[in-house]
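# A structural walkthrough
The chain contents come next:
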Amino acid sequence: MKLTFNKSQRFAVPERLTAILNSELTDIDNVEPGINGITFNFSDDDYSAERGGFHPVEVRIINSDNLWMFEYITDFSFQGAYPELVKDIDVCFLTGQIYTLYSGCLQGDSARELIDLFLSNFISYVEANIFTVTVGFD
C-alpha cells in the first residue's frame, strides 16, 4: 500500500515523514479497501516514568478524496504523582491548534518553530530505529 498525501495542509510536513509512513505500510498487504483512517503508534519499549526514554508518538492520517492528510501528531509523556501518559505536544492539522503541556496553545512563529523542532527530532529518532511501530486501520 502506497499513500499519496495532500500537500496543501494547514502545516507543512517533511517528505521524510511521509516516506516513513509509506515505508511502515510496505509489508502490510491485507488492508481492506475503503479505509478512512490509519493510526501509527511509535513507542520506545524501554520508556517508563522511572527510567525515562523516548516519548511515544501517535500519528493519525485520514483519507480525503483519495488523498491522505494528517489529522494529528501527538507526543505523550508520563506525568503526575501516579504517572500516566498525557499529551505533551499535540499538533492538530484539522483545527490548526498546537498544544503543549506546559505552555498551552501556541500560535505564530513559536508554534511553527515547535512543529519544526518536534518533527525534526521525531524523524531522527525513527531513523535511528528507536521505536517499535504498530499500525491500525479504520
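Residues numbered from 1 in each chain as written. Predicted model: local features only at pLDDT ≥ 70, side-chain atom pairs only at ≥ 80, totals over all residues. Heavy atoms only, no water.

### Considering the nonpolar core
The condition that has to hold: By convention a nonpolar core is built from buried Ala, Val, Leu, Ile, Met, Phe, Trp, Tyr and Cys residues, the set being connected through side-chain atoms within 4.5 Å. Residue burial is assigned from relative accessible area. The probe radius is 1.4 Å, only protein chains are included, and a residue is buried under 20% of its type maximum, exposed over 50%, and partly exposed in between. Helix and strand assignments follow DSSP, with helices taken as H or I runs no shorter than four residues and strands as E runs no shorter than two, numbered in order from the N terminus. Contact definition: two residues touch when any of their heavy atoms are within 4.5 Å.
Judged by nonpolar contacts, the single largest core of 33 residues is most densely connected at Phe-42, Val-59, Ile-61, Phe-70 and Ile-73. At the level of secondary structure, the elements contributing two or more residues to this core comprise α1 (15-25), β1 (37-43), β2 (57-64), β3 (67-79), β4 (84-92) and α2 (108-127). For this core, the element with the highest residue contribution is α2, accounting for 8 residues. Excluding anything up to four places from it in sequence, Ile-61 contacts Leu-3, Phe-5, Leu-21, Asn-36, Gly-37, Ile-38, Phe-40, Trp-68, Met-69, Phe-70 and Glu-71.

### Quick notes on α1
Those residues of α1 that fall on the buried side of the exposure criterion are Leu-17, Thr-18, Ile-20, Leu-21, Asn-22 and Leu-25. On its buried side, α1 packs onto β1, β2, β3, α2 and β7 (132-137).

### Some thoughts on the side chain of Thr-18
How we decide: Any pair of nitrogen or oxygen atoms within 3.5 Å is treated as a polar contact; in protein, a donor-acceptor pairing is required on top of that, and neighbouring residues in sequence qualify only through side-chain atoms on both sides.
Examined against the element boundaries, Thr-18 turns out to sit in helix α1. Relative accessible area serves as the criterion here: at 12%, Thr-18 is assigned to the buried category. At 2.9 Å, the side chain of Thr-18 and the backbone oxygen of Glu-15 are in polar contact. In this structure, Thr-18 is in contact with Phe-5, Val-13 and Phe-70, ignoring residues within four places of it in sequence.

### Topic: the environment of Gln-9
Tracing the chain through its elements places Gln-9 in the segment before α1. Owing to a relative accessible area of 16%, Gln-9 belongs among the buried residues under this scheme. Separated by 61 residues in the primary sequence, Gln-9 and Phe-70 have C-alpha atoms spaced 7.8 Å apart. Excluding anything up to four places from it in sequence, Gln-9 contacts Met-69 and Phe-70. Of the polar contacts made by the side chain of Gln-9, one reaches the backbone nitrogen of Phe-70; its length is 2.4 Å.

### With respect to the environment of Asp-88
With respect to the secondary-structure elements, Asp-88 resides in strand β4. For Asp-88, a relative accessible area of 14% puts it in the buried group. For the pair Asp-88 and Thr-74, spaced 14 residues apart in sequence, the C-alpha to C-alpha distance is 7.5 Å. If sequence neighbours within four positions are ignored, Asp-88 has contacts with His-55, Asp-75, Phe-76, Ser-77, Gln-79, Tyr-99, Thr-100 and Leu-101.

### Digging into unusual backbone geometry
A positive phi angle, close to 55°, is found at Asp-65, a residue other than glycine. With respect to the helices and strands, Asp-65 occurs in the loop between β2 and β3. Judged by its relative accessible area of 74%, Asp-65 falls in the exposed class. Notably, Asn-66 is not glycine yet its phi reads approximately 65°, a positive angle. By the element assignment, Asn-66 lies in the loop between β2 and β3. A relative accessible area of 67% places Asn-66 in the exposed class.

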